[in-house]
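Below are the chains, spelled out letter by letter.
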Amino acid sequence: MPEYKAPQRDMQFVLNEVLDVENHYQNLPGCDEATPDMVAAIMEEGAKFAERVLSPLNQVGDQQGCQFNDGQVTTPDGFKEAYQQFVEGGWPSLAHDPQWGGQGLPESLGILINEMVGTANWSWSMYPGLSHGAMNTLEAHGTDQQKQTYLTKLVSGEWTGTMCLTEPHCGTDLGMLRTKAEPQADGSYKVSGTKIFISAGEHDMADNIVHIVLARLPDAPEGTKGISLFIVPKFLPTADGGVGERNGVSCGSIEHKMGIHGNSTCVMNFDGATGFLIGPPNKGLNCMFTFMNTARLGTALQGLAHAEWGFQNSLTYAKERLQMRSLTGPKAPDRAADPIIVHPEVRKLLLTQKAIAEGGRALIYLSALQVDKAHMAEDPAERAEADGLLAFLTPIAKAFLTELGFESANHGLQVYGGHGYISEWGMEQNVRDSRISMLYEGTTQIQALDLLGRKVLMTQGEALKGFTKIVHKFCQAHSDEQPMQEFLEPLNKLNKEWGELTMKIGMKAMQNRDEVGAASVDYLMYSGYVTLAYLWARMAQVAQQKLAAGEGDTAFYQAKLTTARFYFQRLLPRTRSLVETMLSGADNLMALDEDHFQF
Amino acid sequence: MKVLVAVKRVLDHNVKVRVKSDHSDVDLTNIKMALNPFCEIAVEEAVRLKEAGIATEVVVMSIGPKAVQEQIRTALALGADRGIQIETDTMPESLSVAKLIAKVVEDERPSLIILGKQAIDSDNNQTGQMLAALTGMGQGTFASDVEIQDNEALVTREVDGGLQTVALRLPAIVTSDLRLNEPRYASLPNIMKAKKKPLDVKSAAELGIELRAHTELLKVEPPAERQGGIKVASVEELVDKLKNEAKVI
Ligand SMILES: Cc1cc2nc3c(=O)[nH]c(=O)nc-3n(C[C@H](O)[C@H](O)[C@H](O)COP(=O)(O)OP(=O)(O)OC[C@H]3O[C@@H](n4cnc5c(N)ncnc54)[C@H](O)[C@@H]3O)c2cc1C
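Cut-offs and rules
Residues numbered from 1 in each chain as written. Chains lettered and ligands numbered in written order. Predicted model: local features only at pLDDT ≥ 70, side-chain atom pairs only at ≥ 80, totals over all residues. Helix = DSSP H or I, 4+ residues; strand = E, 2+ residues; numbered from the N terminus. Buried ≥ 20, exposed ≤ 12 C-beta atoms within 10 Å, placed from the backbone. Contact = placed C-beta atoms within 7 Å. Rg over C-alpha atoms; globule rule 2.2 N^0.38 Å. Domains from an automatic or database assignment. Nonpolar A, V, L, I, M, F, W, Y, C, P; charged D, E, K, R; others polar. Near = placed C-beta within 6 Å. Axes fitted to C-alpha atoms, helices over the stretch in contact; angles between N-to-C directions. Parallel < 35°, antiparallel > 145°, perpendicular 65-115°, else oblique. Pairing = 2+ DSSP bridges. Expected span 1.5 Å × (residues − 1). Left-handed = near helix turned anticlockwise from the far one by under 90°. Core = buried A, V, L, I, M, F, W, Y, C linked by C-beta atoms within 7 Å.

(A) Looking closely at the overall build of chain B. Along its length, chain B carries six helices and 11 strands. The proportion of buried residues among the 249 residues of chain B is 37%. Pairs at least 24 apart in sequence give 69% of the contacts found in chain B among residues at least 6 apart.

Structure (structure tokens):
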């Protein structure tokens with residue numbers, strides 16, 4: 001049976017030792033509750049829930065999947081009860097406004113809990129995950145009355161939420177969406193259209209489901225500037241806030257799919273369903289953008305989740321599985337063969353997963369702290385700065401970490417050999433489950449265009465400069481630490497090269513916009529490797545410092561250093577190949593005539 | 001009715017125990033610590049008594065350095081009302097612990113005192129019994145069920161031969177066994193409330209108890225590594241080996 005243990009030591013390391021979260025929370029108004037002992041207590045309880053309640057349901061969810069019967073969806077055994085426990089524990093309320101029943105804790109703490117919940121059971125975690133998206137929408141753009149009616153129920157967890165964007169003919173290009181909303185005399189709207197791929201669109205875990213729907217008003221302009229946001233509840237609320245009449249929205253079917261079987265992916269039919277406008281008309285996409293980064297960070301987390309899960313289980317296996325002898329002579333002479341962890345190539349598989357999971361954790365937490373600051377910092381300049389940094393890091397975290405999360409999940413399977421391919425061990429599920437993360441919340445290609453086109457080139461490189469400055473400052477600050485040179489030297493070089501590459505692509509793009517597209521994914525991956533190198537260097541620096549001071553757990557810090565070294569010597573060199581390909585131009589992609597692909 | 005629960009900070013049951021290189025003790029540096037599982041059950045029982053309207057207040061106490069406040073907070077998050085820490089530099093032996101608890105009992109005058117039957121670090125299983133001797137109260141150890149009726153506690157005990165039920169006049173002492181209940185998960189709002197619940201700190205000296213060591217730890221050694229097993233061809237061979245080689249039957 002695969003297992004998950006929340007890596008609390010590493011989580012604490014990143015939070016406290018690398019990112020100094022105590023200081024961070026103390027400087028944010030309203031976060032004084034989040035003291036280190038409180039954070040530790042919350043983490044501990046979240047870990048228990050993830051390990052004991054959710055982790056054992058992960059395989060069940062995959063094997064049973066969701067069942068569809070005449071508009072109703074039944075979730076796998078245990079999912080509903082686990083959700084009930086989650087609600088009783090008050091977890092949905094963590095990062096929300098106390099005015100609506102929330103605990104008012106910072107968003108970053110919620111992300112910390114999501115890491116454990118999501119790693120233990122990604123499919124399950126999507127039900128509260130989608131609610132969180134709906135809550136953020138309502139919190140930012142709803143009227144007080146809408147908050148009173150819907151937000152309080154979502155915060156308490158009694159109801160869940162969805163995000164209904166995608167339609168059969170449009171996923172990436174939401175400007176084409178057709179779902180209509182007709183104004184009614186009473187101020188409500190009649191919403192009609194078909195949405196597909198709606199996660200958690202229908203299920204049996206809560207009394208009501210609040211759909212947040214993108215649709216068009218009758219007089220709306222074409223394209224993305226004509227989209228509005230609506231609340232469409234499955235059951236219309238009664239005057240006293242209870243569950244009333246059934247609304248005209250129903251689930252037509254659920255998808256049979258590659259992974260995340262425990263989460264329902266629904267076709268949702270809106271047949272003149274009663275809806276309520278949120279935010280200004282035709283500004284729906286702008287409204288969505290206000291928390292797009294937070295939502296995408298939530299998906300970036302999936303990369304970390306599958307890397308961590310694969311790593312934990314394949315590590316256990318690699319120590320137990322006996323096969324062949326070490327090339328340098330038997331390491332377990334009294335046994336029939338050596339455990340496979342003695343083989344260099346098996347270690348490469350393990351270390352890659354470890355470096356991605358731990359580096360990814362640092363990247364997610366760093367971004368999460370920017371979410372806090374962007375929302376809560378007193379000083380507007382500080383808020384703006386954090387928002388900018390978050391906007392820059394988000395596409396990197398989302399696309400890079402999910403791509404490497406998938407690679408890591410694959411490595412996890414590889415460690416198990418043929419047994420990895422057999423369902424019982426859970427490793428093939430991990431690969432299948434991880435695959436979706438590169439598709440939803442904006443595909444890798446779309447994130448890459450967002451990074452290179454919108455975030456970097458459109459700001460004339462300002463966003464990139466903002467980040468490379470941070471990296472540069474870090475390198476400067478530790479330039480006299482001799483043992484850090486092995487990390488700082490390559491990091492400094494890449495940090496400079498990053499700007500030069502951007503210039504080169506920018507120049508080419510002035511002649512031909514396809515150059516942006518042609519370089520985008522390679523550019524994003526390059527950016528990911530450099531960003532992670534910065535974080536690994538920071539972690540190495542803390543480890544060096546602790547070792548030099550003789551503080552704490554020596555083995556832990558040694559392992560950090562060794563993993564940092566692995567990252568710099570085995571993963572970071574991938575940037576060399578990316579540089580070549582990203583600069584190779586659009587021609588090698590565009591030259592082939594569309595009709596000649598077949599030859 | 002007031003219930004007093006005494007809890008201990010021990011190493012987490014998931015942690016693999018390591019022995020210090022000089023064999024002087026178990027190595028606890030940077031080891032994850034937790035509430036002793038039997039103590040957690042004791043807290044749960046007290047909270048359930050309160051929820052059932054039988055107990056009116058649940059007081060939780062722990063003895064040790066400042067760090068034990070973490071475990072007191074954990075108990076408060078599970079539903080206890082207030083905490084008492086008896087500050088000591090190190091973890092005292094069972095008899096000193098029992099004496100300190102007896103002092104608190106004198107001050108607090110609880111009707112029921114619930115303890116874990118043993119702590120998973122030293123596995124002594126004696127504090128509850130010592131406390132009973134010191135206070136002269138009745139004891140129901142290894143409890144798998146506790147019922148309060150009028151002025152009595154009916155305690156079902158897990159004994160070697162099965163179950164035994166004893167009736168204890170209150171105030172009384174109960175020590176919890178594994179099957180007494182299944183502790184809840186602390187809810188997020190309760191974790192946050194726990195921080196605001198009162199927690200008194202007293203020193204052992206203030207209570208007038210002198211901490212004495214009655215035993216001396218000479219050496220700690222990890223259990224011998226398990227030797228590889230062998231296959232036997234028949235039941236006769238197995239019996240023979242058990243008799244003549246292993247000498248266990
Ligand atoms: C399991 C699952 C759950 C989902 N949950 C939800 C949900 O809860 N709510 C919701 O609204 N949606 C949801 N989705 C939909 C998801 O967000 C979309 O599938 C995704 O946005 C991609 O859209 P598409 O499938 O239409 O692909 P398309 O947009 O048709 O893209 C096809 C391919 O073309 C590429 N491409 C498109 N445009 C460009 C470009 N300009 N440059 C380069 N490449 C490009 C894409 O990267 C992709 O590889 C879910 C999907 C799945 C499979």
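(B) Structural view of the overall build of chain A. Scanning chain A for helices and strands turns up 20 helices and 11 strands. For chain A, the C-alpha radius of gyration of 24 Å lies close to 25 Å, the compact-globule estimate for 599 residues. Along the first, second and third principal axes, the C-alpha set of chain A runs to 80 × 60 × 60 Å. Each of the 599 residues in chain A was classed as buried or not, and the buried ones make up 52%.

(C) Fine view of the domain arrangement of chain A. Residue and element names in this part refer to chain A. Structurally, chain A comprises domain 1 (8-289), domain 2 (292-442) and domain 3 (459-589). Relative to domain 2, the C-alpha centre of domain 1 lies at a distance of 25 Å. With 31 residues of domain 1 in contact, the opposing surface of domain 2 contributes 31 residues. Within the residue set of the side of domain 1 that touches domain 2, elements represented by two or more residues are helix 1 (8-18), helix 4 (58-64), helix 6 (107-120), helix 7 (122-141) and helix 9 (284-289). A per-element tally of the side of domain 1 that touches domain 2 places helix 6 first, with seven residues. A class-by-class count of the residues in the side of domain 1 that touches domain 2 yields 15 nonpolar, 12 polar and four charged.

(D) Broad picture of the site of the ligand. Residues and elements named next belong to chain A. By nearness alone, 19 residues border the ligand, and Leu 165, Gly 171, Thr 172, Ser 199 and Thr 443 come closest of all. Among the elements of the structure, strand 3 (159-164), strand 5 (189-199) and helix 14 (444-457) are those that each provide at least two residues to the shell around the ligand. Its residues assigned to classes, the shell around the ligand comprises 10 nonpolar, eight polar and one charged. Viewed by domain, the shell around the ligand spans two of them, domain 1 (8-289) and domain 2 (292-442), each represented by three or more residues.

(E) Region of the structure containing the interface of chain A and chain B. At the interface, 18 residues of chain A touch 13 residues of chain B. The biggest single contributor to the side of chain A that touches chain B is helix 3 (residues 36-54) of chain A, with seven residues.

(F) Broad picture of the packing of helix 6 of chain A against helix 11 (residues 344-376) of chain A. All names here are of chain A. Contact geometry for helix 6 and helix 11: axes closest at 8 Å, N-to-C directions at 150 degrees. The orientation of helix 6 relative to helix 11 falls into the category roughly antiparallel. Between helix 6 and helix 11, the residues in contact are Glu 107, Ser 108 and Ile 111 and Ile 364, Tyr 365, Ala 368, Leu 369, Val 371, Asp 372 and His 375, respectively. Classifying every residue of the contact of helix 6 with helix 11 gives six nonpolar, two polar and two charged.

(G) Representation of the environment of Glu44(B) within the structure. All names here are of chain B. As for its position among the elements, Glu 44 is in helix 1 (residues 37-51). A tally of 21 C-beta atoms within 10 Å means that Glu 44 is categorised as buried. With 143 residues separating them in the primary sequence, Glu 44 and Ser 187 have C-alpha atoms 13 Å apart. Setting aside chain neighbours within four positions, we find Glu 44 in contact with Leu 78, Asn 181, Pro 183 and Arg 184.

(H) Seen up close, the pairing of strand 3 of chain A. Residue and element names in this part refer to chain A. Judged by how many residues are buried, strand 3 sits mostly within the fold: six of six residues are covered. The alternating pattern of strand 3 places Trp 159, Gly 161 and Met 163 and Thr 160, Thr 162 and Cys 164 on opposite faces, both of which are buried. Strand direction decides the pairing type here: strand 3 and strand 6 (residues 208-215), joined by six bridges, are parallel. Bridge pairing in strand 6 links Thr 160 to Ile 209.

(I) The sheet that holds strand 9 (residues 162-169) of chain B, seen in detail. All names here are of chain B. The strand order across the open sheet built from nine strands is 9-8-7-10-6-1-4-5-11, with neighbouring strands paired in mixed fashion. Looking along the sheet, the strands with just one partner apiece sit at the ends: strand 9 and strand 11 (199-203). Sheet twist, expressed as the mean angle between neighbouring strand axes with direction ignored, is 30 degrees. In terms of strand pairing, strand 8 (residues 152-159) meets strand 9 through eight bridges, oriented antiparallel.

(J) Local environment of helix 6 of chain A. With 14 residues, helix 6 of chain A should reach 20 Å at 1.5 Å per residue; the first-to-last C-alpha distance of 20 Å fits that figure. For helix 6 of chain A, the buried fraction is high: 14 of the 14 residues fall into the buried class.

(K) Just the packing of helix 17 (residues 514-549) of chain A against helix 18 (residues 554-571) of chain A, in detail. Residue and element names in this part refer to chain A. Their axes nearest at 9 Å, the elements helix 17 and helix 18 cross at an angle of 150 degrees. Classed by the angle they form, the pair helix 17 and helix 18 counts as roughly antiparallel. Handedness of the helix 17/helix 18 crossing: left-handed. Contacts between helix 17 and helix 18 involve Tyr 529, Ala 533, Trp 536, Met 539, Ala 540, Ala 543, Gln 544, Lys 546 and Leu 547 from the first element and Thr 554, Tyr 557, Lys 560, Leu 561, Ala 564, Tyr 567, Phe 568 and Leu 571 from the second. Of the residues assigned to the contact of helix 17 with helix 18, the class counts are 13 nonpolar, two polar and two charged.

(L) Spotlight on the nonpolar core. Of all hydrophobic cores here, the largest spans 238 residues; its most connected members are Phe230(A), Ala533(A), Val5(B), Val43(B), Ala46(B), Val60(B) and Ala80(B). The biggest single contributor to this core is helix 17 of chain A, with 19 residues. The residues contacting Phe230(A), other than those within four sequence positions of it, are Ala181(A), Tyr189(A), Val191(A), Val213(A), Ala215(A), Gly275(A), Phe276(A), Leu277(A) and Ile278(A).

(M) Local environment of unusual backbone geometry. Of note, the amide linkage connecting Leu170(B) to Pro171(B) takes the cis form, showing an omega dihedral of -5 degrees. Considering the arrangement of structural elements, one finds Pro171(B) in the loop between strand 9 and strand 10 (172-176). Notably, Glu441(A) is not glycine yet its phi reads approximately 60 degrees, a positive angle. Glu441(A) gets classed as buried once you count the C-beta atoms within 10 Å, which come to 22.

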